[in-house]
Amino acid sequence: KIHYFDDGIYEHFCPGCNLLHMIAVDKPFDNGQQWSFNNDMKKPTFSPSINIVGRCHYFIRDGYIEYCMDSQHKLAGKRIELPDLR
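A. Geometry of the pairing of strand E5 (residues 46-52). Bridge count for strand E4 (residues 36-37) against E5 is two bridges, and the pairing is antiparallel. Each bridged residue has a counterpart across the sheet, and for Phe37 the counterpart in E5 is Phe46. The pairing of E5 with strand E6 (residues 56-61) spans four bridges and is classified as antiparallel. Of the residues in E6, the one forming a bridge with Asn51 is His57. Counting the residues between successive antiparallel strands, the hairpin from E5 to E6 contains three residues, one of them, Gly54, with a positive phi of roughly 80°.

This is the structure in structure tokens:
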């Protein structure tokens, strides 16, 4: 469902964008963005929401992606199980 890199970055597949998205936990991205993680690889929760501005906005809670209505794809407003990485 998610993959961990040694530098504190997690990635997951976003079926709305059909892309991999990265989440910085242990240290922030260069732009200062950073999230907390519940350390559950099977039912991950990250906080706060992930926002790819102008494209995709969502929460990952208990192993599900909860897309916000401002997401610019067909999954806006939907809740789906976090898919396995391809």
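B. Structural detail: the nonpolar core. Of all hydrophobic cores here, the largest spans 19 residues; its most connected members are Ile23, Phe46, Ile50, Tyr58, Ile60 and Tyr67. Going through the elements one at a time, strand E2 (9-14), strand E3 (19-24), E5, E6 and strand E7 (64-67) are the ones with two or more residues in this core. Those residues within four positions of Phe46 in sequence are excluded, and the remaining contacts are Ile2, Tyr10, Ile23, Val25, Ser36, Phe37 and Ile60.

Procedures and definitions
- Residues numbered from 1 in each chain as written.
- Predicted model: local features only at pLDDT ≥ 70, side-chain atom pairs only at ≥ 80, totals over all residues.
- Heavy atoms only, no water.
- Pairing = 2+ DSSP bridges.
- Helix = DSSP H or I, 4+ residues; strand = E, 2+ residues; numbered from the N terminus.
- Core = buried A, V, L, I, M, F, W, Y, C linked by side-chain atoms within 4.5 Å.
- Buried < 20%, exposed > 50% of the residue type's maximum accessible area, 1.4 Å probe, protein only.
- Contact = heavy atoms within 4.5 Å.

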